[in-house]
2 protein chains.
Amino acid sequence: MTRQTKVMPSLGEAIRQSGLRDGMTISFHHHLREGDRVLNSVLAECSVLGLKDLTVNASALMGCHRSILDFVRDGTVTGIECNFMHAQIGQAISRGALEREVVFRSHGGRPAAMDRGESRIDVAFIAASAADATGNCNGKQGNAAFGSIGYAMPDAEHAQYVVVVTDQLFEYPLIGASISEESVDAVVVIDSIGDPLRIMSGTTRVTRDPIGLLIAEQAAKAIGASGLLRDGFTFQTGAGGTSLAVAQYLGEIMREQGIVGRFASGGITGLLVNLLREGLFETLLDVQCFDREAVLSIGEDARHGEISATRYASPAAKSSVVDHLDVVILGATEIDTDFNVNVHTDSNGVIMGGSGGHSDTAAGAKLSIIVAPIMRARMPLIVDRVGTISTPGEDIDLLVTQYGLACNPRRSELASRLERAGLPVVPIHDLKAKAESITGVPTRSTHKGRPIARVISRDGMLLDTIAMIED
Amino acid sequence: MTRQTKVMPSLGEAIRQSGLRDGMTISFHHHLREGDRVLNSVLAECSVLGLKDLTVNASALMGCHRSILDFVRDGTVTGIECNFMHAQIGQAISRGALEREVVFRSHGGRPAAMDRGESRIDVAFIAASAADATGNCNGKQGNAAFGSIGYAMPDAEHAQYVVVVTDQLFEYPLIGASISEESVDAVVVIDSIGDPLRIMSGTTRVTRDPIGLLIAEQAAKAIGASGLLRDGFTFQTGAGGTSLAVAQYLGEIMREQGIVGRFASGGITGLLVNLLREGLFETLLDVQCFDREAVLSIGEDARHGEISATRYASPAAKSSVVDHLDVVILGATEIDTDFNVNVHTDSNGVIMGGSGGHSDTAAGAKLSIIVAPIMRARMPLIVDRVGTISTPGEDIDLLVTQYGLACNPRRSELASRLERAGLPVVPIHDLKAKAESITGVPTRSTHKGRPIARVISRDGMLLDTIAMIED
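Worth saying up front: this structure is predicted, and the values here are computed from it rather than measured.

### Details of the relation of the copies chain B and chain A
Working step 1: With an RMSD of 0.0 Å, the operation that places chain B on chain A is a rotation of 180° combined with a shift of 0.0 Å along the axis. What the rotation and shift describe, once combined, is the action of a two-fold rotation axis. Nearest to the rotation axis, the C-alpha of A302 of chain B is located 4.9 Å from it, this being the minimum over chain B.

See below:
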């Protein structure tokens, strides 16, 4: 007895079969990053079908998803939940494009909200570069391979109805599936799920900026002095150019000192793949591949493991990878003198990002380091109070800038270690004064419009709200 | 921030920490088969701790688990749920050792009952040959490697509290974990989880019995004549000597005709591993390794995939592997003239087995074949009405014996195909008469004691009850 086929003739038919109705929530993952075509295609179909009042829950909204604003305008979409929002969408949202407040979570908080029953997904649309007719699928095979499909795994587990969207159908059973048929209701084959060459957008190369390189070198030295850099070391770094440069300098120190790290985690780049191959790390725990080298590696190297967003960072999991981190390297658009970090809004209060795994890794790691120049485009990094709290200051241990390293006062033993190693440790207030001596003290509008977004902590609490910008 | 360690100093401490109380349900898997030491060790600890009235939900109870009867006698265990029960335990149960009725499910029905909320597991004890301190674990590595850990995956997902029991702790993170830390509450290291040499008990060798070989050859010819044996063929066979011989003969036909099968599934043996290596099957979907060759293969060959019991056979899954089977080869202790099959009780009505995946694969496969001699120890195979219905006759297509092949009357087109191929198709009544001409018509006790077990169909319905034997 073989059941009815799951393969639908079109996206529209899959949507009809899913029972999607006005007011429901649909979900997406962002592993194809700026190359993704699935979110836009699904929204266009929903609009054609006359669906209204949908909430889009996406692990991230990239610039390529800006057509979501058209579907906001025509009433198809009236709710947005995400862990990151590109400035191209954020600018419109910050100007009041959406009536309901956007819900920002983190990469760990999103699956945790599903686990706790706080976040319901009615229909998940899962882009997969390889799938069979029953929905066994992954991102490792196929022409549009994008690597780890980790952010979509909680959606497959929790959504009421799961649609796998692929452009390459394999024979049953797909060997090496990351998501199993047991969770999948429907499979749709479309012409193209996206352009894998656009996975790697501007951010995933080591910086060549001398200030960035100086900061990265100081950060690597700080790790070396922290007492954490020993055999078994565990590490995560973002895909920003300075963060990647830290990994490069750190590799040099590890090579010199003969240190072998246990794992590097999170979003994985070719740079980390090279450290794995060289034997400087024993394994990679990959929730998202940031470039082609990472995509190729996860498909062929057993030491390069795929992890779900839940296993990566969910505080509702019985434990997660971030709990085992020694050091994480993170960015910031603003940091305040209490070490609160903003990665959601720019200096004008306009949405241009989101937590991603920022707050998750900062909470988990023994040493969380912010690397950033003290000013950008004549706006100072350090402020009295960040415009938006993305990660609470209690989870940030160290700020590394081109003018010195500022330790969170809660970490006095760290400051001592860094000073003993000859690193220029300075009070964060001094760094703030230094920047302001160059840029002047910026004036900030105190006028605040209605709230247009809520930042939810990984534990499900309200961390901050973001106000509308009135030009 | 690293959370509190999950590693418990002893089984007893893990049980205390789990909050296990009188009347609760604990679960086990049986991948170590006759070599398992975990179930007995846990029950002994529960007894020492004075716990009473526990229900044991095990994927199977083997002969080595017969000490469960001691814990039934002392009141530690008052409930048993399983998919298979060895005769050494079944004999006592059939004589009324347990007041409450045993609940028999199938390998697919067990996870389905968890998914539907009909079966609650309070504490799962998962034997793992390799684990790290957070509970990432598998059965593929370590000295007591047993291969697939598929039957334990639903327990990890659904149990309120999950204890991983291992005898070999690996550094975090275990590379290639089958069950993830996100589901695991506690880890206990004991001296030995069991003897992997005893995974392969008597049944997992090709028969040398000439009658068994004859039956197997006929069954393979029937498959060849069925119209299903073509490129892409999918196949499952049990670990019984005759079932294995079918695979061997089938391999010969496939080799001769240049046919490449897509997958073989279920419990995997070295014989199937050899067919994979030879290229006669493209992939294996393994819920349980039956011998050392299979254990070695699943650890090193990407084409040899591990599947959960849910993905294998759960009718609550959105689809499962058994739905894609062309042919399954199954055994029977009795079959009746309506093709109902009994694998639970012997001719005296005494419990000596259980469904395992019998009813799941029979329901899923396009062609389900029973291979059995028409009599054993002077007891006829074919009866008017089986003592226990394990698999409904509507799911059985063909019976192959040494005196001919009997087709289910619902499959007249199959009978025609077999006849055209020159195979000796006979009415099942003729086979029954043939056996009875040798053995005589056995007299069966019509006296039935109180019900001591219920057989639950994979869909959660009552399929049959088993009565107490009164000597």
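### Structural notes on the interface of chain B and chain A
Working step 1: Between chain B and chain A, the residue contacts involve 44 residues of the former and 44 residues of the latter.
Working step 2: Of the roughly 3,500 Å² buried at the junction of chain B and chain A (both faces included), carbon and sulfur atoms supply 43%.
Working step 3: Counting the contacts that link chain B with chain A gives 6 salt bridges.
Working step 4: Note that K318 of chain B and D185 of chain A form a salt bridge whose closest N and O atoms lie 2.6 Å from each other.
Working step 5: Linking chain B with chain A are 32 residue pairs in polar contact (both at pLDDT 80 or more).

### Considering the sheet that holds strand β10 (residues 169–170) of chain B
Residue and element names in this part refer to chain B.
Working step 1: Spatial ordering of the open sheet is given by β8-β7-β10, a layout of 3 strands whose pairing is mixed. Each edge of the open sheet carries a strand with a single partner, namely β8 (137–138) and β10.
Working step 2: The pairing of strand β7 (residues 130–132) with β8 spans 2 bridges and is classified as antiparallel. Across the sheet, the residue bridging to A130 is N138, located in β8.

### Quick notes on the domain arrangement of chain A
Where interface size is given, it is often the accessible area lost as the parts come together that is meant.
All names here are of chain A.
Working step 1: According to the domain assignment, chain A contains domain 1 (7–59 + 107–198) and domain 2 (210–446).
Working step 2: Each of domain 1 and domain 2 was reduced to a C-alpha centroid, and the two centroids are 31 Å apart.
Working step 3: At the interface, 21 residues of domain 1 touch 21 residues of domain 2.
Working step 4: Buried surface at the junction of domain 1 and domain 2, both sides included, amounts to about 1,600 Å², of which 57% is carbon and sulfur.
Working step 5: Inspection of the region where domain 1 meets domain 2 yields 1 salt bridge.
Working step 6: Linking K140 and E306 is a salt bridge whose minimum nitrogen-to-oxygen distance equals 3.1 Å.
Working step 7: Inspection of the domain 1/domain 2 interface yields 11 residue pairs in polar contact (both at pLDDT 80 or more).
Working step 8: Going through the elements one at a time, α5 (109–115) and α6 (153–158) are the ones with two or more residues in the side of domain 1 that touches domain 2.
Working step 9: A total of 4 residues in the side of domain 1 that touches domain 2 trace back to one element, the largest contributor, which is α5.

### A few points about a negative patch on the surface
Working step 1: Taken together, D115 and E157 of chain A together with D115 and E157 of chain B make up a surface patch of like negative charges.
Working step 2: Its place among the elements puts D115 of chain B in helix α5 (residues 109–115).

### Let's talk about the environment of S320 of chain B
Working step 1: Here S320 of chain B shows up in the loop between α11 (309–313) and β16 (327–330).
Working step 2: Exposure remark for S320 of chain B: the relative accessible area of 0% places this residue in the buried category.
Working step 3: Linking S320 of chain B and S129 of chain B, residues 191 residues apart in sequence, is a C-alpha distance of 27 Å.
Working step 4: If near-sequence neighbours (up to four positions away) are discounted, S320 of chain B is found in contact with Y172 and E181 of chain A together with T310, R311, Y312, A313 and S314 of chain B.

### Some words on the pattern of salt bridges
Working step 1: If you walk through the whole model with that rule in mind, you get 48 salt bridges over all chains.
Working step 2: Notably, a salt bridge pairs R230 of chain A with D326 of chain A, separated by 3.3 Å at the nearest N-O pair. A residue pair is termed long-range when its members are at least 10 positions apart, and R230 of chain A in the loop between α7 (210–225) and β12 (234–237) and D326 of chain A in the loop between α11 (309–313) and β16 (327–330) qualify at 96 residues.
Working step 3: Since its relative accessible area comes to 2%, D326 of chain A is described here as buried.
Working step 4: By sharing partners, the salt bridges in this structure join E171 of chain A together with R262 and E282 of chain B into a single network.

### Side note on the sheet that holds strand β18 (residues 341–342) of chain A
Backbone hydrogen bonds hold the strands of a sheet together, and the pairing may be parallel or antiparallel.
Residue and element names in this part refer to chain A.
Working step 1: Read from one edge to the other, the open sheet built from 3 strands follows the order β18-β17-β22, with strand pairing classed as mixed. Looking along the sheet, the strands with just one partner apiece sit at the ends: β18 and β22 (382–383).
Working step 2: With 2 bridges joining them, strand β17 (residues 334–336) and β22 adopt parallel strand pairing. Across the sheet, residue D336 finds its bridge partner in β22, namely V383.

### Let's talk about the packing of aromatic side chains
Residues and elements named next belong to chain A.
Working step 1: Evaluated as defined, the whole model comprises 10 aromatic pairs over all chains.
Working step 2: Note on F233 and F235: the rings are 5.8 Å apart at their centroids and 25° apart in plane angle, and the pair reads as stacked.
Working step 3: Judged by relative accessible area, which is 0%, F235 ranks as buried.
Working step 4: Where F233 meets F281, the ring centres are 6.3 Å apart and the plane angle is 35°; that geometry is what we call tilted. Separated by 48 residues along the polypeptide, F233 in the loop between α7 and β12 and F281 in strand β14 (residues 281–289) bring together distant segments of the chain.

### As for empty space enclosed by the protein
Working step 1: Scanning the model with the defined rule gives 2 cavities of 30 Å³ or more in all.
Working step 2: Empty space within the largest cavity amounts to approximately 40 Å³.
Working step 3: Together, E334, S347, M379, P380, V383, P442 and R444 of chain B line the largest cavity.
Working step 4: Approximately 30 Å³ is the volume attributed to the second largest cavity.
Working step 5: Every residue lining the second largest cavity is listed: S59, N83, H107, R110, P111, Y151, P154 and A309 of chain A.

About the cut-offs
- Residues numbered from 1 in each chain as written.
- Chains lettered and ligands numbered in written order.
- Predicted model: local features only at pLDDT ≥ 70, side-chain atom pairs only at ≥ 80, totals over all residues.
- Heavy atoms only, no water.
- Least-squares fit on C-alpha atoms with pLDDT ≥ 70 in both.
- Contact = heavy atoms within 4.5 Å.
- Buried area = accessible area lost by both parts, 1.4 Å probe.
- Salt bridge = Lys/Arg side-chain N within 4 Å of Asp/Glu carboxyl O.
- Polar contact = N/O pair within 3.5 Å; in protein donor to acceptor, adjacent residues only side chain to side chain.
- Pairing = 2+ DSSP bridges.
- Helix = DSSP H or I, 4+ residues; strand = E, 2+ residues; numbered from the N terminus.
- Domains from an automatic or database assignment.
- Patch = residues over 30% accessible without salt bridge, like charges linked within 9 Å, V, L, I, M, F, W, Y side chains within 5 Å.
- Areas by Shrake-Rupley, 256 points an atom, 1.4 Å probe, with all protein chains shown as cover.
- Lys, Arg positive; Asp, Glu negative; His and termini not counted.
- Charge placed at Lys NZ, Arg CZ, Asp CG, Glu CD.
- Buried < 20%, exposed > 50% of the residue type's maximum accessible area, 1.4 Å probe, protein only.
- Phe/Tyr/Trp six-rings, centres within 6.5 Å; stacked < 30°, edge-to-face > 60°.
- 1 Å grid on protein atoms, 1.4 Å probe; cavity = no way out; pocket = protein on both sides within 12 Å on 5 of 7 lines; lining within 4 Å.
- Points joined across faces, edges and corners; volume = space filled by probe spheres on them.

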